[in-house]
Amino acid sequence: QWYQRRVQGKETLAKIGVIQALMGLIGNEDEKVQEMSALSLANLSLGNRMVCLDILHDEHMPTMVEALESSQNPRVLTYLSHVIFNIVKFEPLREELVGYNVVQSLAASLTHRDADVCISVCKALAALVADESAREALLKTNGLGSLVTLLKEATNKEVLRKAAWTVGICVADEGMARELNKNGALRTLMDFVNNSTQGVSNLAVIALEKLLQYDLAAKYWHLGNLSQTDVIRDGFYDTGAHKPGEDFRSLKYLLDKSVDNKRPVLYISTLGADPEVPADLKSEASTTGSTTNIKTGRTTAKGKKTHKVEEKKEDAPSEADTGTKEAKETGKPKFDSSFKEYVEEVVSTIGPLPTQLEQIKSLAVFVSNQMGGPVQSVSTFNHDLHIAQLKSDIKSNVIPIGFVKRGIFYHRALLFKALADRIGVAASLVRGEYNRAWNDVTLMEEGRAVHYLVNLMDSPGSLMEVGGYAAGVYKKL
């Protein structure tokens, strides 16, 4: 009864014109009048659709939005942000609210130094971005950059929590995830993962996990693990394991680096470089993680391409493999004709096999054959000399996977995963220590799921049950 009387009281005030009167006072020259009017509107609009409608349709609505952007009074900004939040909670009103450029005004207020302003603005934005038009409007502002700045520079715990929460909601949209990444969200969130402040680090973990789903290269670098439902596509690259204090580097940065003696960057693509790829998130394909049926990423081939006879040394890639002079001068990844042929052959010969077990075993043997055959001893395989020669020949630390003809654990596991994803074979990619990496697959046996490691080294095609002795040996030196 108390609640009903409260609602009725608000609606009575709305009917007699109180809302219109308060809206008219938002533009008053007296800051105290503005403040009290905004506070009253925030209280009256809380949970009351009729009041929210009256505010939204009032002729002074543009004045309120303008005050939200230009007022220097933190209490006015805080109260007006609460009004926006109250309106947004009524879903049918969101799109109309966005039409008043309220997103731009809120984004501008994110730079305010007052903690209460930042908290209330974050809440309003987080609620607004559920609407597609609001997301489009936010991308046209520097609001996402301001959110990342809040995470970097704010000291107030509640501001940090609300900023992390808002980022976590924003990264559900791929376009906003890209923009956040361009503004340094990835590194900032990773810093927060280790933050001991209770409640902040947990929200940062959630936001980071969502952000990494749009950038599998960064996910593998940071976590060292791609699940069976993460699909590697053209543009993916493996930079090696994440080291403390190290930044995740864009492909462009890695291509521009001088050749060094460090671990190579392995690149996956059947295509040439895309000049329109954003530097921070590579290609759209490489940053798309799948959480649904992995077979939606399956490639179909128009026909098997006949392999050209190799008449040169295996350590010296052909001109087609190493790229033209023009590609070299533009700093693009070299075209990988070998990997393109691998995909075509695997799709046409291994993809049609009747059982998943046959596909896995055949693919493992295929990968081993492309990487120099079975390896009994890594120390005598001379893969490091081959890799060093490749880097010297193509004058780059970024080596397309098809260029590698003598590969060990981490080369083979990456190639297996990349090819398995093309034919709909669910396989994980897990990084170990000392250049170890492996693939987990799941088979149904007598009505239960059994997890296996795929042997790509000494006995290509054999499967080792996860948790068993053989699988343990395969993972370690």
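Residues numbered from 1 in each chain as written. Predicted model: local features only at pLDDT ≥ 70, side-chain atom pairs only at ≥ 80, totals over all residues. Heavy atoms only, no water.

1. Let's talk about the overall build of the chain
(1) Moving on: Across its full length, the chain holds 24 helices and nine strands.
(2) Moving on: Out of the 477 residues belonging to the chain, those deemed buried represent 50%.
(3) Moving on: Within the chain, counting contacts between residues at least 6 apart in sequence, those at least 24 apart form 70% of the total.
(4) Moving on: With the model as given, the accessible surface of the chain reaches about 22,400 Å², and the carbon-plus-sulfur share is 49%. (Helix = DSSP H or I, 4+ residues; strand = E, 2+ residues; numbered from the N terminus. Buried < 20%, exposed > 50% of the residue type's maximum accessible area, 1.4 Å probe, protein only. Contact = heavy atoms within 4.5 Å. Areas by Shrake-Rupley, 256 points an atom, 1.4 Å probe, with all protein chains shown as cover.)

2. Looking at the packing of helix 8 (residues 102–109) against helix 9 (residues 115–128)
(1) Moving on: Contact geometry for helix 8 and helix 9: axes closest at 9 Å, N-to-C directions at 145°. Seen from above, helix 8 lies across helix 9 with left-handed handedness. Across the interface between the two elements, V102, V103, L106 and S109 from helix 8 touch V117, V121, A124, L125 and L128 from helix 9.
(2) Moving on: When its residues are assigned to classes, the contact of helix 8 with helix 9 shows eight nonpolar, one polar and no charged. (Axes fitted to C-alpha atoms, helices over the stretch in contact; angles between N-to-C directions. Left-handed = near helix turned anticlockwise from the far one by under 90°. Nonpolar A, V, L, I, M, F, W, Y, C, P; charged D, E, K, R; others polar.)

3. So, the confidence of the model for the chain
(1) Moving on: With 84% of its residues at a pLDDT of at least 70, the chain reaches an overall mean of 85.
(2) Moving on: Across residues 274–330 the pLDDT falls below 50, and counting only partners more than four positions away or on other chains, this stretch makes 113 contacts in the model. (pLDDT = per-residue confidence, 0-100.)

4. Details of the packing of aromatic side chains
(1) Moving on: Under the counting rule described, the total for this entry stands at five aromatic pairs.
(2) Moving on: An angle of 40° between the planes, with centres 6.4 Å apart, marks the rings of Y220 and F236 as tilted. Residue Y220 is located in helix 16 (residues 216–223), and its partner F236 is located in the loop between strand 1 (225–226) and strand 2 (237–238); the two are separated by 16 residues in the primary sequence. Residues Y220 and F236 agree in their burial class; the two are buried.
(3) Moving on: Among the aromatic residues, ring-to-ring pairing joins W221, Y237 and F248 into one connected group. (Phe/Tyr/Trp six-rings, centres within 6.5 Å; stacked < 30°, edge-to-face > 60°.)

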